Amino acid sequence: MKLYANGILLNAAARSVTLEKSRGDAAATLTAVLLTAAADRYFPKENLALGDAVRLLDDAGEEVFLGAVQAVSRNVETVTLVACDRGLYLTANELSGVFAGSPEGICRAVAMRLSLPVGTLEVPAGWKRLVAGAGVRAFDILRQAVGEEREISIQNGALTVTAAGRERFLIAEDIARFGLRQRVLGKSGDAAAQAAAGLRGRTLRGELTVRGDLKYRCGALVELHRKEFGLDGAYPLTAVKHRWERGLFTTELTWEGDA
């Protein structure tokens, strides 16, 4: 991992770096806590300001984040910066008017209104007419146009819509067995049938921390086979958080699906 701000490599000063994204927000957010040592002339110096460019590269040198600083806070020991990619334009800007046409046409119209280039658009066919008034975010218009089964993001600086579930990962790591809660559903009859009836129609949601890996993205499917926890199937990722801290790289996955 290599973190740059204004072209300056900040790895030596980074206490922690977090890169996260959820399906409810088109913007990926990077938060970095940087150590400061004003008296040490050999320590990396930073002079961050709002709008400064921030880049994060993986170990192979591939860019995984490109954004701009949105907030900076300082104390005696650290500087904390928060940066967002261009997906912020989709959630921070409201658009009004009538958007009519195919889902692809609506996506292109929204991108044009925000001066965003267009990348891959894996959208359904059809025709829609959307009326947007005050308070309607560009992201909400895109969500109505492409539906819930699509992942909306900014990739390489361009608006991108991809089909959810295309990537599929098997979670083979052990899940710690603690914090289990049990409730008696019945004292007689078929216990398995009672349990199945209790789960029918329920939505399962959970969080899991695994070894760090940038391959995990929102919209991908993760296979979880832990029947003792009621998990046996593939569940879509609704949020992903990558964290580098004290030399340890972990990924926190949030998934949601039907029981």
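Above: the structure in question.
Just so we're clear, the structure is a prediction, and the values are computed from it rather than from any experiment.

Peer 1: Residue-level account of the environment of Asn156, with values.
Peer 2: Within the fold, Asn156 resides in the loop between strand E11 (150-155) and strand E12 (158-163). Judged by relative accessible area, which is 79%, Asn156 ranks as exposed. Note: C-alpha distance between Asn156 and Val64 (92 residues apart in sequence) is 8.9 Å.

Peer 1: How would you summarise the pattern of salt bridges if you had to cite specific residues and measurements?
Peer 2: Evaluated as defined, the whole model comprises 10 salt bridges. The shortest N-O distance in the salt bridge between Glu63 and Arg55 comes to 2.8 Å. With a closest N to O distance of 3.9 Å, Arg205 and Glu256 form a salt bridge. On the criterion of sequence distance, the pair formed by Arg205 in strand E14 (residues 203-211) and Glu256 in strand E17 (residues 248-258) is long-range, its members being 51 residues apart. Overlapping salt bridges bring together Lys21, Arg23 and Glu151 as one network.

Peer 1: An account of the layout of surface pockets is requested, with residue identities and associated values reported.
Peer 2: Estimated volume of the second largest pocket: approximately 940 Å³. What lines the second largest pocket is a set of 39 residues, among which Val64, Ser153, Ile154, Gln155 and Arg217 lie closest to the centre. Mapped onto the lining of the second largest pocket, the elements with two or more residues apiece are strand E3 (14-22), strand E6 (63-74), helix H1 (88-92), E11, E12 and strand E16 (231-245). At 7 residues, E6 tops the list of elements feeding residues into the lining of the second largest pocket.

Definitions and cut-offs
Residues numbered from 1 in each chain as written. Predicted model: local features only at pLDDT ≥ 70, side-chain atom pairs only at ≥ 80, totals over all residues. Heavy atoms only, no water. Helix = DSSP H or I, 4+ residues; strand = E, 2+ residues; numbered from the N terminus. Buried < 20%, exposed > 50% of the residue type's maximum accessible area, 1.4 Å probe, protein only. Salt bridge = Lys/Arg side-chain N within 4 Å of Asp/Glu carboxyl O. 1 Å grid on protein atoms, 1.4 Å probe; cavity = no way out; pocket = protein on both sides within 12 Å on 5 of 7 lines; lining within 4 Å. Points joined across faces, edges and corners; volume = space filled by probe spheres on them.

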